[in-house]
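As a plain string of letters, each chain reads:
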Amino acid sequence: MSAWVLPDHIADVLPSEARHIEELRRQLLDTARGYGYELVMPPLLEHLESLLSGTGEALDLQTFKLVDQLSGRSMGLRADTTPQVARIDAHLLNRDGVARLCYCGPVLHTKPDRPHATREPLQFGAEIYGHAGLEADTETLLLALDCLQAAGVEEGVIVDLADARIVRALFDGVPIDAAGLARVHAALAAKDASELDVLTKDFPAASRDGLRALVQLYGDASVLDEAAKALKGTPAVNAALADLKQLANGLEGVAGREISFDLADLRGYAYYSGMRFGIYVPGAADSLVRGGRYDEVGAVFGRNRPAVGFSLDVRELVGVLPARPLRAAIRAPWSDAAGLRQAIAQLRKSGETVVCVLPGHGSEIDEFHCDRELVEQAGQWNVRTI
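Below: a short report on this structure. Every value quoted in this text rests on a predicted model; they were computed, and no experiment measured them.

Procedures and definitions
Residues numbered from 1 in each chain as written. Predicted model: local features only at pLDDT ≥ 70, side-chain atom pairs only at ≥ 80, totals over all residues. Heavy atoms only, no water. Buried < 20%, exposed > 50% of the residue type's maximum accessible area, 1.4 Å probe, protein only. Helix = DSSP H or I, 4+ residues; strand = E, 2+ residues; numbered from the N terminus. Contact = heavy atoms within 4.5 Å. Pairing = 2+ DSSP bridges. Axes fitted to C-alpha atoms, helices over the stretch in contact; angles between N-to-C directions. Core = buried A, V, L, I, M, F, W, Y, C linked by side-chain atoms within 4.5 Å. Patch = residues over 30% accessible without salt bridge, like charges linked within 9 Å, V, L, I, M, F, W, Y side chains within 5 Å. Areas by Shrake-Rupley, 256 points an atom, 1.4 Å probe, with all protein chains shown as cover. Salt bridge = Lys/Arg side-chain N within 4 Å of Asp/Glu carboxyl O.

With that settled, the discussion passes to helix α4 (residues 82-93). Counting buried positions over the 12 residues of α4 gives 9, a clear majority of the element. The set of residues buried in α4 consists of Thr82, Pro83, Gln84, Val85, Ala86, Arg87, Ile88, Asp89 and Ala90. Of the surrounding elements, those touching the buried residues of α4 are β2 (45-47), α2 (48-52), α3 (57-62), β5 (99-106) and β6 (122-129). Of the residues one or two after α4, Asn94 is the one with positive phi, at around 50 degrees.

Bringing the side chain of Ser260 into the picture now. Mapped onto the fold, Ser260 is located in strand β9 (residues 257-262). If we ignore the near neighbours within four places in the chain, the residues touching Ser260 are Ile158, Val159, Asp160, Leu161 and Gly219.

On to the sheet that holds strand β3 (residues 64-67), then. Sheet architecture is open: 3 strands sit in the order β2-β4-β3, paired in antiparallel fashion. Two strands in the sheet have a free side with no partner beyond their single neighbour: β2 and β3. Across the sheet, the mean angle from the axis of one strand to that of its neighbour is 35 degrees, orientation sign disregarded. In this sheet, strand β4 (residues 74-77) lies alongside β3 in antiparallel orientation, the contact comprising 4 bridges. Bridge assignment links Lys65 to a residue of β4, and that residue is Gly76.

The next point concerns the nonpolar core. Generally speaking, a soluble globular protein has its nonpolar side chains buried in company with each other. Judged by nonpolar contacts, the single largest core of 69 residues is most densely connected at Phe124, Leu214, Ile279, Phe310 and Leu317. Each residue touching Leu317, except ones within four places of it in the same chain, is listed here: Leu24, Leu28, Leu148, Ala151, Val153, Leu288 and Leu312. Counting 16 residues, the second largest nonpolar core, distinct from the first, contains Ala86, Ala99, Tyr129 and Ala164.

Bringing a nonpolar patch on the surface into the picture now. Residues Leu44, Leu45 and Leu66 make up a contiguous nonpolar surface patch of roughly 210 Å² in combined accessible area. Tracing the backbone shows Leu44 in the loop between β1 (38-39) and β2.

As structure tokens, then:
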């Protein structure tokens, strides 16, 4: 095999796409900073037990594992940044009040999590720790939508809401092992009613009927009223449905978005404890943004406090956006002349891109599509349009 061939679902990022990704990264972080989120930079590599504690089998299977040559301990390359941010909140910051944290960095997956996906997403995320109320859930949703708008996604946005408490309440008191639970979850996610009938035939009637009803409970806001009747709500179910209705009301007036509900949506890692959402945009094969409430994520680090947030892959986001035009640039000759170097330095200091043409390369492709050039006129170096 040729030395330059990369592993499957791993790719180089070439100049035009890399420039777009970097511009988006800055825009997303600036948008989060506008809400008061502080940037953190967790390491790519950590002890395995720290990366995986409390996250469930899905994240374990997605994590590359290796042995630390210094300590002999098992290490992992992060597949998701949320557990690391929970550790930072619990141990390094250890604040009494609210902590708003954001991040943007690569994660690595053993397998692509969807068809044609990269195994090296550039994950951007924002999380709030320390507030259990719906205000934090609403802020998370509004920030996610603002991030998409800042990136240039303004129309055709669908916010799909669910709540992990509903399914948890339906399993309450049901004797089932982890493997059986996974099969039921898979049937719900696939909306496979016949498989669900087989898997739940020995469940208590209330749980069996409620789980079967979930398969049909997706669509617009009327789903919440249907759910209240079909699920014969427990306090947990009633609270979840009321919260979903209030969250949807909190998004009223946000332009260019539609709200839907899928109460059987169970995708994601095991730490979700309440509201969950996915945001769909034109051109993306699946939800581009995923998030929700995961109040139990910090428990393994000795600090179980409220948490809610979201994440997205910046590389995937670039894939659904039109290419951005290059910013205008200036072409200049290569010379040791002090006047020319001073003129170039002043232009660059003012924010201009100045490309010096090296000797013998004047006829080559102009990567920056320079629309101006620096020329000498009467002993002065001036910029003129090409």
